[in-house]
Amino acid sequence: MNSGLHHRWQGLDRRERRAVVTGTAVVSLALLYALLVEPAWEDRSRIRADLPRLYAQLVEVEALAAEAKALRDSGGPGSPGPAVRATLERSLAAAGLQATVDAPSPGVLSVKARDVPAGQWWHWAEDTTRTTRLRVVRARIARAAAEGRVDAELQFSIP
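Within each chain, residues carry numbers counting from 1 in the order of the written sequence. Whole-chain, interface and lining totals are the exception, using all residues; otherwise, since this is a predicted model, local features are given only for residues with pLDDT of at least 70 and side-chain atom pairs are given and counted only at 80 or more. The basis for the side-chain values is all heavy atoms of the structure; hydrogens and waters are excluded.

As for the pattern of salt bridges
Here, a salt bridge means any side-chain nitrogen of Lys or Arg that lies within 4 Å of a carboxyl oxygen of Asp or Glu. As enumerated under the stated definition, the model contains nine salt bridges in all. For R149, the salt bridge is made with D115, and the minimal N-O distance between the two is 3.1 Å. Within this pair, whereas R149 is found in strand β4 (residues 149-157), its partner D115 is found in strand β2 (residues 108-117), the two being separated by 34 residues in sequence. Between R130 and D127 there is a salt bridge; the shortest N-O distance is 3.2 Å. With R130 and D127 both in helix α4 (residues 118-132), this residue pair falls three residues apart, about one helical turn. Only protein chains enter the calculation, and the probe is 1.4 Å; a residue is then buried if its accessible area is under 20% of its type maximum, exposed if over 50%, and partly exposed in between. Note on R130: relative accessible area 54%, which makes it exposed. Salt bridges here are not isolated pairs; linked through shared partners, they connect D43, R46, D50 and R53. Here a helix means four or more residues in a row that DSSP labels H or I, a strand means two or more in a row labelled E, and each is numbered from the N terminus.

Thoughts on the nonpolar core
Counting 19 residues, the largest nonpolar core has L88, L92, V111, W121, W124 and F156 as the members making the most contacts within it. Sorting the residues of this core by element identifies α3 (82-95), β2, α4 and β4 as the ones contributing at least two each. Only buried Ala, Val, Leu, Ile, Met, Phe, Trp, Tyr and Cys residues count toward a nonpolar core, and they belong to the same one when joined by side-chain atoms within 4.5 Å.

Comments concerning the sheet that holds β2
For two strands to be treated as a pair, DSSP must find at least two bridges joining them. Pairing is antiparallel in the open sheet, where four strands are placed in the order β1-β2-β4-β3. The outermost strands of the open sheet, each flanked by one partner alone, are β1 (99-105) and β3 (135-143). Ignoring which end each strand starts from, the neighbouring axes of this sheet average 15° apart. With respect to the sheet, α4 is in contact with β2, β3 and β4, its orientation differing from that of β4 by roughly 15°. Interaxial angles span 0 to 180 degrees and are taken between N-to-C directions of axes, which are lines fitted to C-alpha atoms, for helices over the stretch in contact. In this description, contact between two residues means that some pair of their heavy atoms is separated by no more than 4.5 Å.

With respect to the environment of P117
The topology assignment puts P117 in strand β2. In contact with P117, other than residues within four places in its own chain, are L97, G148 and R149.

Comments concerning the pairing of β3
Here eight bridges tie β3 to β4, and the two strands are oriented antiparallel to one another. For A139, the partnering residue across the bridge sits in β4 and is L154. Between β3 and β4, which pair antiparallel one after the other, the connecting turn spans five residues, and G148 there sits at a positive phi close to 80°.

A short note on the packing of aromatic side chains
Working definition: a ring pair exists when centres of Phe, Tyr or Trp rings (six-membered ring for Trp) sit within 6.5 Å. Plane angles under 30 degrees give stacked, over 60 give edge-to-face, the rest tilted. All chains considered together, the criterion is met by two aromatic pairs. Taking 5.1 Å as the distance between ring centres and 40° as the angle between the ring planes, the aromatic pair formed by W121 and W124 counts as tilted. Here W124 and W121 lie together in helix α4, a separation of three residues that amounts to about one turn. Assessed through its relative accessible area of 1%, W121 is described here as buried.

Here we look at a nonpolar patch on the surface
Nonpolar side chains (Val, Leu, Ile, Met, Phe, Trp, Tyr) within 5 Å and like charges within 9 Å form the patches, drawn only from residues with over 30% relative accessible area and no salt bridge. Here the Shrake-Rupley method, with its probe set to 1.4 Å, supplies the accessible areas, and only the displayed protein chains count as covering residues. A contiguous nonpolar surface patch, about 810 Å² in accessible area, is contributed by V27, L29, L31, L32, Y33, L35, L36 and V37. Looking at where L32 falls in the secondary structure, it is placed in helix α2 (residues 14-73).

Here is the structure:
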């Protein structure tokens, strides 16, 4: 086979040899581009497009890590720290609810409210469990004397 190709190559004149070499070089460069350069270029473009989303995720993870550190520094899961209690008190005040926050046992915070608007209470409870990652372990809600108002108690466990 090798001698057949060599014999055929020798049979070509100089201009035909140059055309074959040029064609081989063009095909080789096209293969090199198609197999190595173009996939890398597409990956680079995809990565550049993904960077803003990845940076946003990094910021979110850093915020979660800071929150975890603050919770750990505020007393940990064994005792509700002042930071968690203060967060509940601030959220109650922001919601316009009059309630008391106390710690009946280690790792548990209790929020008690009397004669508060039911809608405001439900909205506050949902927002609090979503934003603070506290878990409700006990809930007691009773109708108050006035229409649309409740006496309520929620007990949260600190994760």
